[in-house]
Each structure stands twice: as C-alpha cells, then as structure tokens.
Amino acid sequence: MRTLVSDLELLRAIAAHMEETGVPPTYRELAQRVGIRHVSVAFYGVGRLIDRGWVRMAWFARSRAIRITDAGRMALESTTPAEVTA
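Thresholds applied
- Residues numbered from 1 in each chain as written.
- Predicted model: local features only at pLDDT ≥ 70, side-chain atom pairs only at ≥ 80, totals over all residues.
- Heavy atoms only, no water.
- pLDDT = per-residue confidence, 0-100.
- Helix = DSSP H or I, 4+ residues; strand = E, 2+ residues; numbered from the N terminus.
- Contact = heavy atoms within 4.5 Å.
- Axes fitted to C-alpha atoms, helices over the stretch in contact; angles between N-to-C directions.
- Parallel < 35°, antiparallel > 145°, perpendicular 65-115°, else oblique.
- Nonpolar A, V, L, I, M, F, W, Y, C, P; charged D, E, K, R; others polar.
- Core = buried A, V, L, I, M, F, W, Y, C linked by side-chain atoms within 4.5 Å.
- Buried < 20%, exposed > 50% of the residue type's maximum accessible area, 1.4 Å probe, protein only.

What follows concerns the confidence of the model for the protein. On average, residues of the protein score 85 in pLDDT, and 84% of them are at 70 or above. For the protein, the element scoring lowest by mean pLDDT is helix 5 (residues 81-85), at 47; helix 1 (residues 7-21) scores highest, at 95. For the stretch residues 82-86, pLDDT sits under 50, and the model shows five contacts to residues farther than four places along the chain or on other chains.

The next subject is the packing of helix 1 against helix 4 (residues 70-77). Interhelical geometry of helix 1 versus helix 4 gives an angle of 105° and a closest axis separation of 10 Å. The angle between helix 1 and helix 4 places the two elements in the roughly perpendicular class. Facing helix 1, whose interface residues are Leu 8, Leu 11, Arg 12 and Ala 15, helix 4 presents Gly 72, Ala 75 and Leu 76. Residue classes in the contact of helix 1 with helix 4 are distributed as five nonpolar, one polar and one charged.

Turning our attention to the nonpolar core. With 19 residues, the main nonpolar core has Leu 11, Ile 14, Leu 30, Leu 49 and Val 55 as its most contacted residues. Taken together, the elements giving at least two residues each to this core come down to helix 1, helix 2 (27-34), helix 3 (39-52), strand 2 (66-68) and helix 4. Looking at this core element by element, the count peaks at five residues for helix 1. Among all residues touching Ile 14, those that are not within four sequence positions of it are Pro 25, Leu 30, Leu 49, Val 55, Ile 66 and Ile 68.

Structure below.
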C-alpha cells in the first residue's frame, strides 16, 4: 500500500464515494479507497484539501462532514484522469 496520495486523487475519491453512496466518506473509507494504510494520512490529506479551498467541513470533528466546494468542483472538471495518477 502507498502512503503518499495526491490532492487531486483524494478529491476524486471523495467525489466518487459521494456519487456512489450519496454520503461523504469517513476518513477510514477514504483511506481504503485510495489505498493508504493509516487513517491519519487521509485526515492530513483532507486538511490539505481544506487549505486549498477544495473542501470544507460541515461540522467540526464529525464523521461524514466533508463537503466539496465550488473551487473543488472546478478542480475536478479541469483535470484529466492522467493528471491524477501522474
């Protein structure tokens, strides 16, 4: 399993989970989806997405509180799958 995940890969994983299930992923689900071992890596990755303005937390310290912002949607639309895996 990998430990490094790109910001776009995390954002795409969040969006895919929300599309499939209708709810945001937990940190554990996000870690499993992108193939990382530790939930803390997913937590810090989401922090990077918050810093970029791509996601926000609807409720502090709650499960399934991740929300994709308009800037995050624009980032998803402006990238190709090849850019995410590179």
